[in-house]
Amino acid sequence: AQRVTQPEKLLSVFKGAPVELKCNYSYSGSPELFWYVQYSRQRLQLLLRHISRESIKGFTADLNKGETSFHLKKPFAQEEDSAMYYCALSGTTGKLIFGQGTTLQVKP
Amino acid sequence: NAGVMQNPRHLVRRRGQEARLRCSPMKGHSHVYWYRQLPEEGLKFMVYLQKENIIDESGMPKERFSAEFPKEGPSILRIQQVVRGDSAAYFCASSPRGDREGGYTFGSGTRLTVV
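### Some words on the overall build of chain B
The secondary structure content of chain B amounts to 0 helices and 11 strands. Traced from its N-terminal end to its C-terminal end, chain B shows the element sequence β-β-β-β-β-β-β-β-β-β-β. Scaling as 2.2 N^0.38, a compact globule of 115 residues should have a C-alpha radius of gyration of about 13 Å, and chain B matches this with 13 Å. The C-alpha extent of chain B, read off along each of the three principal axes, is 35 × 30 × 25 Å. The long-range share in chain B, meaning contacts at least 24 apart out of those at least 6 apart in sequence, stands at 52%. For chain B, the accessible surface area stands at approximately 5,600 Å², while carbon and sulfur atoms represent 45% of it. In chain B, the 18 positive side-chain charges and the 12 negative ones have mean positions that sit 7 Å from each other.

### Some thoughts on the packing of aromatic side chains
By the definition in use, this model includes 12 aromatic pairs over all chains. Measuring from centroid to centroid gives 4.3 Å for Y33 of chain B and Y48 of chain B, while their planes differ by 5 degrees, and the two rings are stacked. Here Y33 of chain B is found in strand 4 (residues 31-37), whereas its partner Y48 of chain B is found in strand 5 (residues 43-50), with 15 residues between them in sequence. A relative accessible area of 0% means that Y33 of chain B is categorised as buried. Ring-pair connections join several aromatic residues into one group, and the members of that group are F34, Y36, Y86 and F98 of chain A together with Y33, Y35, F45, Y48, Y104 and F106 of chain B. Positioned over the ring face of F14 of chain A is K107 of chain A, at 4.5 Å from the centre of the ring.

### Looking at the interface of chain A and chain B
Counting residues at the interface gives 25 residues for chain A, matched by 25 residues for chain B. Looking only at chain A, the three residues that lose the most surface to chain B are R43, T93 and K95 of chain A, adding up to 27% of its buried area. In this structure, the connection of chain A to chain B is made through 1 salt bridge. Residues D56 of chain B and K95 of chain A are paired through a salt bridge, measuring 3.3 Å at the closest nitrogen-oxygen approach. One can count 7 residue pairs in polar contact (both at pLDDT 80 or more) joining chain A with chain B. For the side of chain A that touches chain B, the secondary-structure elements that each account for two or more residues are strand 5 (33-38), strand 6 (44-49), strand 9 (83-90) and strand 10 (96-98) of chain A. Counting residues per element, the side of chain A that touches chain B draws most heavily on strand 5 of chain A, at 3 residues. For the side of chain A that touches chain B, the residue count by class is 9 nonpolar, 10 polar and 6 charged.

### Thoughts on the state of the cysteines
All names here are of chain A. With the rule as written, the count across this model stands at 2 disulfides over all chains. In this model C23 forms its disulfide with C87; the gap between the sulfur atoms is 2.0 Å. Sign of the S-S torsion, about -65 degrees for the bond between C23 and C87, identifies this disulfide as left-handed. Here C23 is found in the loop between strand 3 (19-21) and strand 4 (24-26), whereas its partner C87 is found in strand 9, with 64 residues between them in sequence.

### Here's the deal with the nonpolar core
Counting residues in hydrophobic clusters, the biggest one holds 26 residues, and the most contacted among them are W35, L47, L72 and Y85 of chain A. Only strand 2 (10-14), strand 3, strand 5, strand 6, strand 9 and strand 11 (102-107) of chain A provide two or more residues apiece to this core. The biggest single contributor to this core is strand 9 of chain A, with 4 residues. Those residues in contact with L72 of chain A that sit more than four places away from it in its chain are V19, E20, L21, W35, L47, L48, F59, T60, A61 and Y85 of chain A. Core analysis: the second largest hydrophobic core is formed by 23 residues, A19, M46, V82 and A88 of chain B among them.

### Section: the sheet that holds strand 3 of chain A
Whether parallel or antiparallel, the strands of a sheet pair through hydrogen bonds between backbone atoms. All names here are of chain A. Reading across from one edge, 3-8-7 is the order of the 3 strands in this open sheet, with antiparallel pairing throughout. Taken across any chain shown, the strands that pair with only one partner, and hence form the sheet edges, are strand 3 and strand 7 (60-61). When strand 7 meets strand 8 (residues 72-74), the two strands line up antiparallel, connected through 2 bridges. Its bridge partner being in strand 8, A61 is matched across the sheet by L72.

Conventions we followed
Residues numbered from 1 in each chain as written. Chains lettered and ligands numbered in written order. Predicted model: local features only at pLDDT ≥ 70, side-chain atom pairs only at ≥ 80, totals over all residues. Heavy atoms only, no water. Helix = DSSP H or I, 4+ residues; strand = E, 2+ residues; numbered from the N terminus. Rg over C-alpha atoms; globule rule 2.2 N^0.38 Å. Contact = heavy atoms within 4.5 Å. Areas by Shrake-Rupley, 256 points an atom, 1.4 Å probe, with all protein chains shown as cover. Lys, Arg positive; Asp, Glu negative; His and termini not counted. Charge placed at Lys NZ, Arg CZ, Asp CG, Glu CD. Phe/Tyr/Trp six-rings, centres within 6.5 Å; stacked < 30°, edge-to-face > 60°. Buried < 20%, exposed > 50% of the residue type's maximum accessible area, 1.4 Å probe, protein only. Lys NZ or Arg CZ within 6 Å of the ring centre and 35° of its normal. Buried area = accessible area lost by both parts, 1.4 Å probe. Salt bridge = Lys/Arg side-chain N within 4 Å of Asp/Glu carboxyl O. Polar contact = N/O pair within 3.5 Å; in protein donor to acceptor, adjacent residues only side chain to side chain. Nonpolar A, V, L, I, M, F, W, Y, C, P; charged D, E, K, R; others polar. Disulfide = S-S within 2.5 Å. Core = buried A, V, L, I, M, F, W, Y, C linked by side-chain atoms within 4.5 Å. Pairing = 2+ DSSP bridges.

Distances and angles like these do not, on their own, reveal function.
Okay, here's the thing in structure tokens:
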């Protein structure tokens, strides 16, 4: 079965603290994984894709096939990082399978 | 490039009416995906279309929902005889190619409220 799990519905941290948003997946083939961010009920924006291995806005994510995880990390959270974050898996035909999402709240 | 345009942004319908949601993909994109976001839930895939063809409709409810992407004009998601449970945000995304490597651009969504 193709599935993405984000165990935390809400993650609240103070500004400057490290952040880790968890994502685990289930996929029988070679996974293509993404992180999307949604600010304040706006459109989803692509944050990261694992194939590019880049860092965007200070965020990084490493694919761990052994643990079937793709956690999103940032060493020092900023208030403007407050948003909803979705982990997604690209299934057959290119459709995206999303996790439930994690709301990141960065307090001043 | 105006990006993916969805209209209307907000749509209110009474139970039993029809809802038509439009999605104009980015210029040069011929692949369109529709997703539904129910309150307090993540996005769920509904349907994937390429010009004039439905490629994958595995996420579409069996009744009342249909989608099209004609040769000319936007993609349309149509919901007949709406019920309260159809209230949700509907997002479309477009891609230049329907492969697994992403490259999707999302629209701002249409928020449907059924009263």
